[in-house]
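What follows is each chain in one-letter form.
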Amino acid sequence: MSKVASIEIEGKSFELPLVVGSENEIGIDIKKLRAETGAVTFDPGYKNTGACESAITFLNGEEGVLRYRGYTIEELAAKADFLEVTYLLIFGELPTQEQLQKFNEDILQHSQVDEGMKKIVNSFPKSTHPMGALASVTSALTAFHPETLNVETEDEMYDAIVKILAKFPTLAAWTLRRKNGEELTDRDPALGYVESLLKLMFGKTGESYEPDAIVTNALDKLLILHADHEQNCSTSTVRIVGSSQASLFSSVSAGISALWGPLHGGANQAVIEMLEQIKADGGDTTKYIDKAKDKKDPFRLMGFGHRVYKNFDPRARIIKKSADEVLDQLGVEDPVLEIAKGLEKTALEDQYFIDRKLYPNVDFYSGIIYKAMGIPTDMFTVMFAVGRLPGWIAQWREMRLKKEPIGRPRQIYVGENKREFKAIENR
Ligand code: SDX
């Protein structure tokens with residue numbers, strides 16, 4: 001196979017080298033395109049643009065394949081726990097017992113969040129959306145950890161990494177505790193990473209709290225399923241912010257803001273709000289399928305469609321199965337699960353969705369499980385952020401270790417040509 005692509009611009013031919021990945025994906029290397037041709041590429045939303053080479057996550061959207069460092073999401077969700085997968089994503093290998101124990105100890109050592117952070121969280125109105133609070137306090141962490149601002153060596157990066165992994169679940173839980181007007185408590189070192197998150201969210205001051213094993217296992221699996229997803233909107237945000245050598249905490253804070261949008265991680269909240277609206281409206285899924293297809297109607301079927309997956313999102317398959325199991329084990333009857341299944345069935349048989357290859361994505365069923373766990377709707381995207389943190393860290397670390405250049409896309413200007421200034425009395 002030729003290792004070059006040939007293009008012709010205004011009668012002149014150019015050859016561009018090809019890059020081929022370990023899964024035989026082909027990229028046209030345009031690093032020298034503008035210098036050699038004067039042209040740039042044009043690709044709003046970067047639908048066809050490879051921003052980097054990465055060894056972390058592989059997706060095949062046509063076949064519905066998702067692997068972290070070569071391991072399938074199905075195996076990791078069934079056989080690993082979230083801290084193991086966190087280690088795998090960041091350092092590239094599944095940890096040995098000793099490595100995992102040291103990683104856990106290093107995280108535990110930094111799990112105390114600075115008292116000054118409590119004052120910041122308590123200064124927010126109780127009505128504050130948890131994602132806005134989380135983005136703010138993640139950046140505010142730099143005030144108490146200036147040593148994480150200018151990191152160069154792997155050791156310095158490791159220090160910043162274990163600190164944000166240690167404090168992030170507490171900060172996430174504090175956004176809920178603030179909403180409920182509860183005291184901001186600290187991590188219980190006797191509990192595991194996910195168990196302590198549950199206690200931080202739901203534990204009542206002065207009362208004992210035993211995390212439910214079913215809820216703990218289900219949440220651990222959900223966090224694994226959300227842990228990374230190659231160059232999605234929020235991860236690309238983390239990479240481009242980090243490419244200016246902004247700190248890990250600041251880059252993650254930017255990623256949280258990107259994730260908040262309803263077209264991205266905010267969809268899990270929007271799905272439940274949509275399902276509740278359909279339920280309140282008598283459960284007529286056909287009416288909402290028609291609204292989703294109507295170009296004049298801004299309504300979209302939240303939790304459906306994906307930039308990469310043109311087949312079932314493998315995570316949605318796992319979460320759908322888990323939703324049945326968790327609700328059954330918890331003895332929770334939730335009519336919106338049946339509405340979701342009915343919506344999925346109707347959509348998958350509808351030509352509009354078939355033609356556009358629109359399938360349920362990771363957000364379609366996850367909110368049903370979070371709801372059954374007692375997690376409030378506006379905390380769903382915070383749970384997504386807790387899950388995605390390892391991916392953001394892994395991608396930021398890979399980008400910094402490879403010393404990638406600062407991200408600075410070009411444009412095609414379509415504005416006014418040169419014109420003379422007019423004094424105000426002549427306008
Ligand atoms: C996540 O990138 C990632 O990996 C993200 C993520 C991750 O793990 O990081 O997987 C997490 O963000 C999942 C996606 C969550 N968002 C939603 O569920 C919101 C609803 N979905 C859509 O808004 C949409 O599908 C996107 C944003 C997910 C993808 O949009 P694209 O790739 O830009 O596709 P598009 O908007 O150009 O749509 C193509 C066509 C259009 O119709 P036509 O103009 O061709 O006639 O499909 C239609 C769209 O109108 N379409 C939908 C639809 N999604 C796409 N029509 C109705 N309902 C929808 N949900």
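The preceding data block contains the structure.
An account of the accompanying structure is given in this report. Each chain carries its own residue numbering, running from 1 in the written order of its sequence. Where totals are concerned, whole chains, interfaces and linings use all residues; where local detail is concerned, this predicted model gives features only for residues with pLDDT of at least 70, and gives and counts side-chain atom pairs only at 80 or more. Just so you know, side-chain values use all the structure's heavy atoms and leave hydrogens and water out.

### Notes on the nonpolar core
In plain words, nonpolar cores are sets of buried Ala, Val, Leu, Ile, Met, Phe, Trp, Tyr and Cys residues tied together by side-chain atoms within 4.5 Å. Accessible area is worked out with a 1.4 Å probe on protein chains only. A residue is then buried under 20% of its type maximum, exposed over 50%, and partly exposed in between. By size, the foremost hydrophobic cluster in this structure holds 114 residues, and its most contacted members are Y68, L275 and L301. Ranked by residues supplied to this core, first place goes to helix α7 (residues 154–179) with 13 residues. Only DSSP runs of H or I with at least four residues qualify as helices, and only runs of E with at least two residues qualify as strands; both kinds are numbered from the N terminus onward.

### Some points on the site of the ligand
Around the ligand, a shell composed of 25 residues is seen, among which H229, R300, H306, R315 and R388 lie nearest. The separation between an oxygen atom of the ligand and a polar side-chain atom of R300 is 2.7 Å. Here an oxygen atom of the ligand and a side-chain polar atom of R315 are 2.7 Å apart. Only Asp, Glu, Lys and Arg are considered charged, only Ala, Val, Leu, Ile, Met, Phe, Trp, Tyr, Cys and Pro nonpolar, and every remaining residue, Gly among them, polar. Residues belonging to the shell around the ligand are distributed by class as follows: 10 nonpolar, seven polar and eight charged. Nearness here has a simple test: a residue counts as near a molecule or strand if at least one of its heavy atoms is within 4 Å of that partner. Any pair of nitrogen or oxygen atoms within 3.5 Å is treated as a polar contact; in protein, a donor-acceptor pairing is required on top of that, and neighbouring residues in sequence qualify only through side-chain atoms on both sides.

### Let's talk about empty space enclosed by the protein
Empty space left among the atoms is revealed by rolling a probe the size of a water molecule over them. Put simply, the grid is 1 Å and covers the protein atoms alone, a cavity is a trapped set of points that fit a 1.4 Å probe, a pocket is an open set with protein on both sides within 12 Å along at least five of seven lines, and lining residues have an atom within 4 Å of a point. Grid points are joined across faces, edges and corners, and a volume is the space filled by probe spheres set on the points. Taken as a whole, this structure holds one cavity of 30 Å³ or more when the rule is applied. Around the largest cavity, the lining residues are V121, F124, P125, K126, T128, H129, P130, A133, T175, R178 and K179. Where the lining of the largest cavity is concerned, the elements lending two or more residues are α6 (130–144) and α7. Residues that form the lining of the largest cavity fall into these classes: five nonpolar, three polar and three charged.

### Topic: a nonpolar patch on the surface
Excluding any residue in a salt bridge, patches collect residues exceeding 30% relative accessible area, merging like charges within 9 Å and nonpolar Val, Leu, Ile, Met, Phe, Trp and Tyr side chains within 5 Å. The protein chains shown are the only cover counted for residues, whose accessible areas, like all others here, come from Shrake-Rupley with a 1.4 Å probe. Put simply, a salt bridge is a Lys or Arg side-chain nitrogen that is within 4 Å of an Asp or Glu carboxyl oxygen. On the surface, F42, I412 and V414 cluster together into a nonpolar patch covering about 380 Å² of accessible area. Secondary-structure assignment places F42 in the loop between α1 (33–37) and β4 (57–60).

### Quick word on the packing of helix α14 (residues 314–330) against helix α17 (residues 363–372)
The geometry of α14 relative to α17 is characterised by a closest axis approach of 8 Å and an angle of 25° between their N-to-C directions. The angle between α14 and α17 falls in the class roughly parallel. As for the relative orientation of α14 and α17, their crossing is left-handed in sense. Along its contact with α14, which presents A316, I319, K320, S322, A323, V326, L327 and L330, the element α17 presents Y365, S366, I368, I369 and A372. A class-by-class count of the residues in the contact of α14 with α17 yields 10 nonpolar, two polar and one charged. In this analysis an axis means a line fitted to C-alpha atoms, helices contributing only their contacting stretch, and an angle means the value between N-to-C directions, from 0 to 180 degrees. Orientation is classified from the angle alone, with under 35 degrees giving roughly parallel, over 145 giving roughly antiparallel, 65 to 115 giving roughly perpendicular, and any other angle giving oblique. For a crossing to be left-handed, the near helix must be turned anticlockwise from the far one by less than a right angle; the clockwise case is right-handed. Whether two residues are in contact is decided by their heavy atoms: any pair within 4.5 Å suffices.

### Comments concerning the side chain of Q395
With respect to the element layout, Q395 can be found in helix α18 (residues 380–401). The class for Q395 is buried, based on a relative accessible area of 0%. At a separation of 3.0 Å, a polar atom in the side chain of Q395 contacts the side chain of R239.

### Brief notes about the packing of aromatic side chains
When the centres of two rings from Phe, Tyr and Trp lie within 6.5 Å, Trp using its six-membered ring, the rings pair. Their planes under 30 degrees apart give stacked, over 60 give edge-to-face, and anything left gives tilted. Inspection of the entire model under this criterion finds 12 aromatic pairs. Centroid distance Y87 to F103: 5.3 Å. Interplanar angle 85°. Geometry classified as edge-to-face. A residue pair is termed long-range when its members are at least 10 positions apart, and Y87 in helix α3 (residues 82–91) and F103 in helix α4 (residues 97–109) qualify at 16 residues. By relative accessible area, Y87 is classed as buried at 12%. Taking relative accessible area as the criterion, F103 reaches 0% and is therefore assigned buried. Plain terms: the ring middles of F304 and F364 are 5.1 Å apart, the flat faces sit at 85° to each other, and that makes the pair edge-to-face.

### Observations concerning the side chain of T170
With respect to the helices and strands, T170 occurs in helix α7. We classify T170 as buried; its relative accessible area is 1%. Every residue in contact with T170, bar those within four places of it in the chain, is listed here: S111, V113, T185, R187 and L200.

### Re unusual backbone geometry
For E10, which is not a glycine, the phi torsion comes out positive at approximately 45°. Secondary-structure assignment places E10 in the loop between β1 (4–9) and β2 (12–20). A residue is classified by how much of its surface remains accessible, and E10, at 83% relative accessible area, is exposed. A positive phi angle is found at Q245, which is not glycine, with a value near 70°. Looking at where Q245 falls in the secondary structure, it is placed in the loop between α10 (233–242) and α11 (248–260).

### Regarding the pattern of salt bridges
Using the criterion set out here, one finds 28 salt bridges in the structure. In this structure, K418 engages E420 in a salt bridge whose closest nitrogen and oxygen atoms are separated by 3.4 Å. A relative accessible area of 64% means that E420 is categorised as exposed. Overlapping salt bridges bring together E276, K279, D334 and K371 as one network.

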